Amino acid sequence: MNIWQTLYKKAQAEKRPVLVLAPMANVTDAAFRAVISKYGKPDALWTEFVSADGLRLAHEEGKQKLLRDLLYIEQERPIIAQFFSSNIESMYQAGRLVVKLGFDGADINMGCPDKSIEKQKAGAAMMRDPKHARLIITALQKGIEDEAKESGKAIIPVSVKTRIGFNKNELETWLPALLGFDQNAEGKFDIADLSYIPPVLITIHARTRKEMSKVPARWVHVARAVEIRNELQKNIVEENRTLIFGNGDVIDIVDAKQKAQQTHADGVMLGRAIFGNPWLFNADTVANPPTLSQKLIAMKEHINLFDSYLGDIKSFAIMKKHFKSYVLGFDGAKDLRLKLMEVENKEEAIHIIDSFLNQV
């Protein structure tokens, strides 16, 4: 039983969906994930996405910086490493690496709309070449299998995070392709390759690449994704079917459970709701939300961890997007936020927060 089957079985016993945190570039780094793991741990966490090409081809200094994006602590488990690439050898090597590093799963980003990544034919661009997308999935699986066999470690599952289409809704053909089916001349779906193993989990961001996040997520497409999965995998034992998670505009775990109930999704991935709220997945805080002092103390921990884990390779300015969310909705928030947006390092930020805490 792989980690996703285990989490799904546990969630089913608790009569809820699997609840996970979305990978977000320059947001869900090792520092923030450590804070989240302390205050409100989800069922699983993802790393930020990492270039598999960079890990294979970069000079040693560049490679070491990329490896820092794969840093994690034991309290985060289960922890999933996410990669992007359109290169088969790079993804194969990423598979070997993820086993060596002890991750619980590996995920491929097939939905990122960043143009620099699309120029590499990766991210959302993978939706334009479904057959190659399957080769990339297979390459990651093969790398994992080979390294596990040689090292004696366990084979970990592969998942995919994607969208409903590139410029338009293509879910009716894109999802079947990921599941290993191609549409024939009669419009029916045939198994494309008997040797192909579909991802154990596919997360559907309920927007197209063209829409980015400019329009509301349409969860009706998540419901349809579940129907497609059920139709194409009806001959597979339910516990072995590809799980379908939904993603997009989920505001909290109550909303997540409602969306899962409405769409029959197996799980829900929450993203932007985590900003300034490492308690997001902590059910106890629904009735007893954290105090102002607790929020600012958590922010200080976040700052210290960022400086410790990443301060030598990443700009402290990354923390400022978090300040905007932590420092919101209380007396004096605007003034405190303006001061924090001017700081250049950890020491300045901690001093300002401590001064504020001494006054409340």
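In what follows, the accompanying structure is described.

What counts as what
Residues numbered from 1 in each chain as written. Predicted model: local features only at pLDDT ≥ 70, side-chain atom pairs only at ≥ 80, totals over all residues. Heavy atoms only, no water. Helix = DSSP H or I, 4+ residues; strand = E, 2+ residues; numbered from the N terminus. Rg over C-alpha atoms; globule rule 2.2 N^0.38 Å. Buried < 20%, exposed > 50% of the residue type's maximum accessible area, 1.4 Å probe, protein only. Contact = heavy atoms within 4.5 Å. Areas by Shrake-Rupley, 256 points an atom, 1.4 Å probe, with all protein chains shown as cover. Axes fitted to C-alpha atoms, helices over the stretch in contact; angles between N-to-C directions. Parallel < 35°, antiparallel > 145°, perpendicular 65-115°, else oblique. Left-handed = near helix turned anticlockwise from the far one by under 90°. Nonpolar A, V, L, I, M, F, W, Y, C, P; charged D, E, K, R; others polar. Core = buried A, V, L, I, M, F, W, Y, C linked by side-chain atoms within 4.5 Å. Phe/Tyr/Trp six-rings, centres within 6.5 Å; stacked < 30°, edge-to-face > 60°. Lys NZ or Arg CZ within 6 Å of the ring centre and 35° of its normal. Pairing = 2+ DSSP bridges. Right-handed = clockwise from strand over helix to strand, strands pointing away.

What follows covers the overall build of the chain. Each helix and strand counted, the chain has 14 helices and ten strands in total. Taking 21 Å as the expected radius of gyration for a compact globule of 360 residues, we find that the chain reaches 21 Å, a close match to that expectation. Judged by the C-alpha coordinates and their principal axes, the chain covers about 70 × 50 × 40 Å. By residue count, 55% of the 360 residues in the chain fall in the buried class. A fraction of 69% describes how many contacts in the chain between residues 6 or more apart in sequence connect residues 24 or more apart. About 16,500 Å² of surface is accessible on the chain, with carbon and sulfur atoms providing 51% of the total.

Two numbers describe how helix H8 (residues 171-179) lies on helix H9 (residues 220-232): the axes approach to 10 Å, and their chain directions differ by 45 degrees. Considered as vectors, H8 and H9 are oriented oblique to each other. In the packing of H8 onto H9, the handedness of the crossing is right-handed. Here H8 contributes Leu171, Glu172, Leu175, Pro176 and Leu179 to the contact with H9, which in turn contributes His221, Arg224, Ala225, Ile228, Arg229 and Leu232. When grouped by side-chain class, the residues that make up the contact of H8 with H9 number seven nonpolar, one polar and three charged.

Of all hydrophobic cores here, the largest spans 95 residues; its most connected members are Phe83 and Met110. In contact with Phe83, other than residues within four places in its own chain, are Val50, Ala52, Leu55, Leu70, Met91, Ala94, Val98, Asp107, Ile108 and Asn109. Formed by 14 residues, the second largest nonpolar core is a distinct cluster that contains Leu7, Ala11, Val20 and Ala22.

Aromatic ring pairs are defined here through the distance separating the ring centres and the angle between the ring planes. One pass over the full model with this rule turns up eight aromatic pairs. Relative to Phe323, the ring of Phe316 lies with its centre 6.3 Å away and its plane at 55 degrees, an arrangement referred to as tilted. Side by side, Phe316 and Phe323 carry an identical accessibility label, which is buried. These aromatic residues form a ring-pair network of at least three members: Trp4, Trp46 and Phe245. For the cation-ring pair, Arg134 lies above Tyr196, with the distance from its terminal atom to the ring centre recorded as 5.9 Å. Positioned above the aromatic ring of Trp219 is the side chain of Lys259, whose terminal nitrogen or guanidinium carbon lies 6.0 Å from the ring centre.

Attention now goes to the pairing of strand S3 (residues 79-84). The element S3 is extensively covered by neighbouring structure, given that six of its six residues are classed as buried. Of the two faces of S3, the one lined by Ile79, Ala81 and Phe83 and the one lined by Ile80, Gln82 and Phe84 are each fully buried. As defined by bridge partners, strand S2 (residues 45-51) adjoins S3 across five bridges and the pair is classed as parallel. Bridge assignment links Val50 to a residue of S3, and that residue is Phe83. The pairing of S3 with strand S4 (residues 105-110) spans four bridges and is parallel. Residue pairing for S4: Ala81 is matched across the bridge by Ala106. After leaving S3, the chain enters helix H5 (residues 88-100) and then returns to the sheet as S4, a path that is right-handed.

Once that is clear, we can look at the sheet that holds strand S9 (residues 243-247). Here we have eight strands laid out as an open sheet, ordered S1-S10-S9-S8-S5-S4-S3-S2, and parallel in their pairing. Each edge of the open sheet is held by one strand with a lone partner, namely strand S1 (18-21) and S2. In this sheet, adjacent strand axes meet at a mean angle of 25 degrees when their direction is disregarded. Its contacts with the sheet put H8 on S4, strand S5 (158-165), strand S8 (201-208) and S9, and the angle it makes with S5 is roughly 165 degrees.

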